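The lines below spell out each chain.
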Amino acid sequence: MKVITSLLAILALSAVTSFAAEGDAPKKPAGDKPKMSPEKMIEKLDTDKDGKVSKAEFLASPNAKKDEAKATERFGKMDKDSDGFLTKEEMTPKKKKDA
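Because the structure is predicted, anything quoted here is derived from the model rather than measured.

**With respect to the nonpolar core**
Part 1: Met41, Ile42, Leu45, Val53, Phe58, Leu59, Ala64, Ala71, Phe75, Met78, Leu86 and Met91 together form the largest nonpolar core, which totals 12 residues.
Part 2: Sorting the residues of this core by element identifies helix H2 (38-45), helix H3 (55-59) and helix H5 (68-78) as the ones contributing at least two each.

**What about the pattern of salt bridges?**
Part 1: By the definition in use, this model includes 2 salt bridges.
Part 2: For Glu39, the salt bridge goes to Lys88, with nearest N and O atoms at 3.2 Å. Of this pair, Glu39 sits in helix H2 while Lys88 sits in helix H6 (residues 88-91), and the two are 49 residues apart along the sequence.
Part 3: For Lys88, a relative accessible area of 38% translates into the label partly exposed.

Thresholds, definitions, all that
Residues numbered from 1 in each chain as written. Predicted model: local features only at pLDDT ≥ 70, side-chain atom pairs only at ≥ 80, totals over all residues. Heavy atoms only, no water. Core = buried A, V, L, I, M, F, W, Y, C linked by side-chain atoms within 4.5 Å. Buried < 20%, exposed > 50% of the residue type's maximum accessible area, 1.4 Å probe, protein only. Helix = DSSP H or I, 4+ residues; strand = E, 2+ residues; numbered from the N terminus. Salt bridge = Lys/Arg side-chain N within 4 Å of Asp/Glu carboxyl O.

Given below as C-alpha cells:
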C-alpha cells in the first residue's frame, strides 16, 4: 500500500512540476509572427531563381491564395517601379523619420 501511495505522490508532483514549467514560458501575443527578411522572402518566393519575385510567383504563395484580391493589391503597392517584379529594395520596409 505504501508503494502505491508513494508512486501516486511522485506522479502528482511530476505533473505539477511539468505544468509549472509550461506556465513559466513567455507567451507571444496572438497573431504576432516574426517578420521575414527581404532576402528570405525572395529566396522563398522566387521559384525561377532570377533574384526577383514576379507577380505570378507572389500570387502562388500560400498566403496569397487565401485572398488573391488582397494579395494583388499588396503586390501593386510593393512594386514601386511598376515593372511587374519585386526586388529586395522594394521588399525592404522604409525607415520612419523622426518628426
